[in-house]
Amino acid sequence: MEDSDSVATLIDSTTSKIQQLQKAFAELESYRAVTLNLKWKDLEEHFHGLEKSLKRRFDELEDQEKQFENKTRKAREILEQRQAAVYAKEQATLQGLQEKRDAAVFDIMNAREKHRKVSSSEFPIVSNKGNGALCVEVKPVDVVSFAAKGKVGEVELSPEIENVELSYPDLVKLCKEMDAAGLHKFISDNRKNLAAVREEIPHALRAAPNAACLVLDSLEGFYCTEVSNQDVKKDANLLGLRRTCIMLMECLCDFLRNSYCVSNVISEDIKDRAKTVAEEWKPRLDTLDMDASNGNSLEAHAFLQLLASFGIASGFNEEELSRLIPMVSRRRQTADLCRYLGLSEKMPGVIEVLVNSGRQIDAVNLAFAFDLTEQFSPIPLLKSYLKDARKTSSPVKNVNSSPTAQIDVNERELIALKAVIKCIEDHKLYEQYPLEPLQKRVIQLEKAKADKKRVTEATKPQPKRPRANSAGYGPRVTNFPSDKTSYARVADRYPPQYVYDRSYMYPGPTDNHCPPLMASATYNISPNPANYFGNAYQYQATYLH
């Protein structure tokens with residue numbers, strides 16, 4: 001505003017300046033010695049034109065300034081109105097949430113009070129309705145006589161008992177009979193429907209007189225003394241047994257989470273037994289290699305799950321437990337395990353270990369699970385992981401490097417790219433880390449992989465196919481001398497692993513075929529050739545889940 005006033009004052013003083021200039025011009029003309037080609041009238045018109053132009057521009061600027069001030073004032077008024085509306089909505093929402101919260105608390109208190117009255121005279125049991133479907137029902141029971149038998153600590157009291165139809169009656173029967181070995185066999189036999197079985201186990205545990213004892217008994221044989229540490233990964237049956245043990249402990253954890261009185265479900269003697277098992281397992285973990293497990297150690301997972309399911313983690317050192325987390329960082333249950341074990345405060349150190357060991361993907365997943373993304377930014381970690389993979393998979397400069405080595409390094413980069421893409425999709429990081437360049441690189445590597453595979457297969461020597469006719473399989477021989485009595489070295493041409501049930505001979509001796517002595521080479525084939533590889537080694541379908 002001060003600048004505009006000063007400009008207006010200068011414009012007003014223009015007339016006096018022009019008058020002064022006129023006097024000076026007249027005085028200059030009074031000297032005859034100086035001759036001027038300009039007339040005062042021309043100068044006066046020029047300066048008056050400049051004055052009018054300046055005034056016009058000044059007036060335009062003032063109008064624009066007034067318009068801008070009006071727009072600013074209106075925008076402020078609209079903003080204040082919107083802020084007031086948002087504040088009113090916030091207050092209304094908070095009031096509605098408070099009312100819903102009060103109503104929910106009131107309903108919970110009423111339900112608990114009602115349950116206290118019902119639980120003194122009712123107990124849930126599993127019954128068969130006769131149509132093959134099992135359901136959990138509520139039946140009255142004499143609590144006093146039941147307590148006299150010492151089994152009150154094994155009762156599950158649920159605030160809301162609903163009928164749950166189960167598809168596997170045998171599963172409930174095994175739990176009711178406390179048959180741990182039968183439970184293992186049932187899960188192994190139904191491994192094709194493992195997901196459905198996994199969902200029904202927590203409900204079936206309701207029928208068990210002591211669910212915690214049943215699960216604890218199922219852990220027997222987890223460490224088989226007959227199998228060495230080197231042969232564990234090769235023993236498919238032992239791996240399947242260990243996975244089943246972990247699954248049963250997880251189901252027990254779900255069962256306890258839905259129970260009303262957790263302290264009554266697991267008695268102190270069961271906890272003492274679980275502590276004994278944990279102390280027996282713990283020294284075996286000292287021999288495990290964190291890098292060799294690659295974040296997927298069944299032994300470490302089973303130990304941590306044992307502590308979490310039976311609530312005995314307080315008897316072990318938190319620092320030692322946190323050192324085991326990197327051994328199970330790839331398993332989906334890791335975050336829940338850490339919460340159950342009370343290791344949430346140790347997670348920054350665990351994530352730091354994962355980052356330093358080159359397992360940034362696991363570090364990102366745990367950072368999201370525990371809200372540590374500000375301390376451990378996901379995008380730089382993913383880029384660092386991909387950069388390390390590309391360094392490892394950079395083309396080998398050595399002339400003697402084999403094509404197989406190049407295929408291996410490309411495969412490592414391809415695996416790293418897919419892991420990064422999945423991590424971006426899981427945590428919705430599309431804006432921070434676009435997928436298009438990564439997907440193009442994946443397509444490029446997969447195409448190169450397919451091309452190299454075709455080239456490798458084309459260079460392999462093709463096996464000769466035997467000639468088939470009505471007489472059976474046999475070599476084609478021409479110009480065979482009639483005085484020969486047998487075909488030489490049949491076994492060299494057909495190794496003994498190719499065996500057939502029937503023996504074959506040619507119909508009769510001819511000039512161009514071998515005589516009947518060829519029948520001495522007999523062949524037998526297994527009735528189930530699907531279980532054989534080309535190298536004649538038989539394999540057996542393993543139990544894995």
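Residues numbered from 1 in each chain as written. Predicted model: local features only at pLDDT ≥ 70, side-chain atom pairs only at ≥ 80, totals over all residues. Heavy atoms only, no water.

**Some words on the environment of cysteine 213**
Here's step 1: Here cysteine 213 is to be found in helix α8 (residues 211-217).
Here's step 2: Between the alpha carbons of cysteine 213 and serine 267 there is a distance of 9.3 Å; along the sequence they are 54 residues apart.
Here's step 3: With residues near it in sequence (within four places) discarded, cysteine 213 still touches Met178, Ile270 and Arg273. (Helix = DSSP H or I, 4+ residues; strand = E, 2+ residues; numbered from the N terminus. Contact = heavy atoms within 4.5 Å.)

**Some remarks on the packing of aromatic side chains**
Here's step 1: The tally for this structure, following the rule as stated, stands at five aromatic pairs.
Here's step 2: Here the aromatic rings of phenylalanine 222 and tyrosine 223 are separated by 5.1 Å at their centres, their planes lie at 70 degrees, and the arrangement is edge-to-face.
Here's step 3: Residue classification places phenylalanine 222 among the buried positions, given a relative accessible area of 0%.
Here's step 4: Note on tyrosine 223 and tryptophan 281: the rings are 5.7 Å apart at their centroids and 70 degrees apart in plane angle, and the pair reads as edge-to-face. In this pair, tyrosine 223 is assigned in the loop between α8 and α9 (236-257) and tryptophan 281 in helix α11 (residues 268-285), connecting sequence segments 58 residues apart. When sorted by exposure, tyrosine 223 lands in the same class as tryptophan 281, which is buried. (Phe/Tyr/Trp six-rings, centres within 6.5 Å; stacked < 30°, edge-to-face > 60°. Buried < 20%, exposed > 50% of the residue type's maximum accessible area, 1.4 Å probe, protein only.)

**Points about the nonpolar core**
Here's step 1: In this structure, Phe303, Leu306 and Phe310 are the most contacted members of the largest nonpolar core, which totals 97 residues.
Here's step 2: For this core, the element with the most residues is α9, which contributes 10 residues. (Core = buried A, V, L, I, M, F, W, Y, C linked by side-chain atoms within 4.5 Å.)

**A word on helix α13 (residues 298-310)**
Here's step 1: When the terminal C-alpha atoms of α13 are compared, their 18 Å separation across 13 residues agrees well with the 18 Å that a helix rising 1.5 Å per residue should span.
Here's step 2: Counting buried residues in α13 gives 13 out of 13 residues, a clear majority hidden from the surface.
Here's step 3: Of the residues one or two after α13, glycine 311 is the one with positive phi, at around 65 degrees. (Expected span 1.5 Å × (residues − 1).)

**Some remarks on a negative patch on the surface**
Here's step 1: Taken together, the side chains of Asp5, Asp59, Glu60, Glu62, Asp63, Glu65 and Glu69 present a region of like negative charge at the surface.
Here's step 2: Ranked by the residues each element gives to the negative patch, the list is headed by helix α3 (residues 40-119), at six residues.
Here's step 3: Within the secondary structure layout, aspartate 63 lies in helix α3. (Patch = residues over 30% accessible without salt bridge, like charges linked within 9 Å, V, L, I, M, F, W, Y side chains within 5 Å. Areas by Shrake-Rupley, 256 points an atom, 1.4 Å probe, with all protein chains shown as cover. Salt bridge = Lys/Arg side-chain N within 4 Å of Asp/Glu carboxyl O. Lys, Arg positive; Asp, Glu negative; His and termini not counted. Charge placed at Lys NZ, Arg CZ, Asp CG, Glu CD.)

**Description of the pattern of salt bridges**
Here's step 1: All chains considered together, the criterion is met by 19 salt bridges.
Here's step 2: Its salt-bridge partner being arginine 198, residue aspartate 254 comes within 3.0 Å of it at the nearest N-O pair. With aspartate 254 in helix α9 and arginine 198 in helix α7 (residues 194-204), the pair connects residues that are 56 residues apart, well separated along the chain.
Here's step 3: Between lysine 447 and aspartate 451 there is a salt bridge, with the nearest N and O atoms lying 3.3 Å from each other. On the criterion of helical spacing, the pair formed by lysine 447 and aspartate 451 is a turn pair, its members being four residues apart in helix α20 (residues 436-459).
Here's step 4: Classification of aspartate 451 as partly exposed rests on a relative accessible area of 26%.
Here's step 5: Through salt bridges with shared partners, one network takes in Arg198, Glu250, Asp254 and Arg257.

**Quick look at a nonpolar patch on the surface**
Here's step 1: Together, Leu21, Phe47 and Leu50 line one region of the surface with nonpolar side chains, adding up to about 230 Å² of accessible area.
Here's step 2: Mapped onto the secondary structure, leucine 50 falls in helix α3.
Here's step 3: Using a relative accessible area of 42% as the deciding quantity, one classes leucine 50 as partly exposed.

**Overview of α20**
Here's step 1: Here α20 is 24 residues long and its end C-alpha atoms lie 35 Å apart, about the 34 Å a rise of 1.5 Å per residue gives.
Here's step 2: For α20, every residue scored as buried is listed here: Leu438, Val442 and Leu445.

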